[in-house]
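Okay, here's what each chain looks like letter by letter:
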Amino acid sequence: MRSRTPVTLADVAALAGVSQQTVSRVVNNLPNVSARTRTRVTQAAAQLDYVPNRLATSLARQRTFTVGFVTNDLSLHAPSQLTAGIERAARAAGYSLIVSIVPEDSLAAVTHAVRAQRERQVDGVLINASMTPADAAALRRRLPDLACVFMDVTPDTPVPAALLDQEYGARLAARHLLDLGHTRVAFITPPGQAVVENTREHGWRQVLAAHDLTPVAAVSGDWSPHGGYLAAQTLLAGPPFTALLVANDQMAVGALRALWERGLNVPADVSVIGYDDTPESALLIPPLSTVRQDFPTLGERAFTHLLAQLAGDPPPTPVVTRPELILRSSTAPPQTPDRAAVQDALALLARHLAARG
């Protein structure tokens, strides 16, 4: 049985009634083709089951139409959603995506992953690893001829970047708790190595300091529900608090469990607010107030930023997306007297009376 002859650009052009050059522009998603003509060519290609010869196109344009994505644990909400957004945007633009997972957010690990991506001839790479400004700048200097976008650096890092305004989202959460009347607030913070995510803690502290408050206590977690559970247990062994800021929703899941085991009601005894708005957050008991970050949209914007570099016209400033506050049932005004605050007030009154003699 003879194999089927491959469909060519000429075949599609003949059926669509256009030139081969026009078909090429449509297939490669290039501009200067009317919507009507683009539709006619697309329909003709589908009718003939035309498969573009990416190898020939790559040789002609000196591109592989492949981009790399270096990220951490895909079991976490943020990396998985970023991957979905990037893949969707890449597919729409005719690109393939190669994902590399790094075991840790170190310069050495990220550099190794990027080098492996370059060996596969990617046109550019997106990097979702928490890096200090110095480390990110050092990696960028090693990649002078490779288009790249960093997605987990601070806004002042001198590299091409597409970011979420972590500090802004953190301030939204902290202000919400203070607006409800909470004054004794505890933190479950990101891991110590999480450079960018620690801006969440910085945002919390900024808001408290503006109201002459400091956190009752702060304990670091590891992003996981179990890490949040252990951190909350540590906090519960210390001074009392009426509100808890948690650096991500997955740790908040564990914190809710620890509070329940202690016999505390959320939000009557302790208000809890997370970060990220994972799909399960709205299904918890009680549904979790949180800060929503639109990771898929960020992934799409990061890929668009990368394409701009490949076209020789990179945006002059980082692409920054702001989170939004999502209020559910896990936060409320303090419902019971803050005994620690009462004790503080009584101690202050006693000192005042003693000073008066």
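Here is a short report on the structure shown in this document. Bear in mind that the values here come from a model prediction, so they are computed numbers and not experimental data. (Residues numbered from 1 in each chain as written. Predicted model: local features only at pLDDT ≥ 70, side-chain atom pairs only at ≥ 80, totals over all residues. Heavy atoms only, no water.)

Another aspect to go through is the pairing of strand β1 (residues 66–71). Burial analysis of β1 places six of its six residues in the buried class, the great majority of the element. Here β1 shows two buried faces, one formed by Thr66, Gly68 and Val70 and the other by Val67, Phe69 and Thr71. Where β1 meets strand β2 (residues 96–101), six bridges bridge the pair, whose relative direction is parallel. Bridge pairing links Val67 to Leu97 in β2. The parallel pair β1 and β2 is bridged by helix α5 (residues 77–92), and the resulting crossover is right-handed. (Buried < 20%, exposed > 50% of the residue type's maximum accessible area, 1.4 Å probe, protein only. Helix = DSSP H or I, 4+ residues; strand = E, 2+ residues; numbered from the N terminus. Pairing = 2+ DSSP bridges. Right-handed = clockwise from strand over helix to strand, strands pointing away.)

So, on to the pattern of salt bridges. In this structure the tally under the stated criterion is 11 salt bridges. Among the ionic pairs, Arg118 bridges to Asp145, the shortest N-O distance being 2.8 Å. Taken together, the residues Arg118 in helix α6 (residues 107–119) and Asp145 in the loop between α7 (133–141) and β4 (147–150) connect sequence positions 27 residues apart. Among the salt bridges present, the one from Glu261 reaches Arg257, with a minimum N-O distance of 2.9 Å. Of this pair, Glu261 and Arg257 both sit in helix α11 (residues 249–261), four residues apart, roughly one helical turn. The class of Arg257 is partly exposed, set by a relative accessible area of 45%. In this structure, a network of salt bridges that share partners links the residues Asp277, Arg292, Glu324 and Arg328. (Salt bridge = Lys/Arg side-chain N within 4 Å of Asp/Glu carboxyl O.)

Before going further, it helps to examine the packing of helix α1 (residues 9–16) against helix α3 (residues 35–48). How two helices pack is summed up by the angle between their axes together with the distance between the axes. Where α1 contacts α3, the axes come no closer than 9 Å and their chain directions differ by 120°. Between α1 and α3, the crossing angle belongs to the class labelled oblique. In terms of crossing hand, the pair formed by α1 and α3 is right-handed. Between α1, through Asp11, Val12, Leu15 and Ala16, and α3, the contact on the second element is made entirely by Arg40, Val41, Ala44, Ala45, Gln47 and Leu48. Taken together, the residues of the contact of α1 with α3 break down into seven nonpolar, one polar and two charged. (Axes fitted to C-alpha atoms, helices over the stretch in contact; angles between N-to-C directions. Parallel < 35°, antiparallel > 145°, perpendicular 65-115°, else oblique. Left-handed = near helix turned anticlockwise from the far one by under 90°. Contact = heavy atoms within 4.5 Å. Nonpolar A, V, L, I, M, F, W, Y, C, P; charged D, E, K, R; others polar.)

We now examine the sheet that holds β4. Strand order in the open sheet formed by four strands is β2-β1-β3-β4, and the pairing between neighbours is parallel. In this open sheet, the two edge strands, each paired with only one partner strand, are β2 and β4. The sheet shows a mean angle of 20° between the axes of neighbouring strands, direction not considered. For β1 and strand β3 (residues 124–128), the ladder comprises five bridges, and the chain directions are parallel. Looking across to β3, one finds that Val70 is bridged to Ile127. Packing of α5 onto the sheet brings it into contact with β1, β2 and β3, and relative to β1 it is tilted by some 170°. In this fold α6 packs onto β1, β2 and β3, with an angle of close to 165° to the strand it touches most, β1.

Geometric descriptors of this kind do not, in isolation, establish any biological role.
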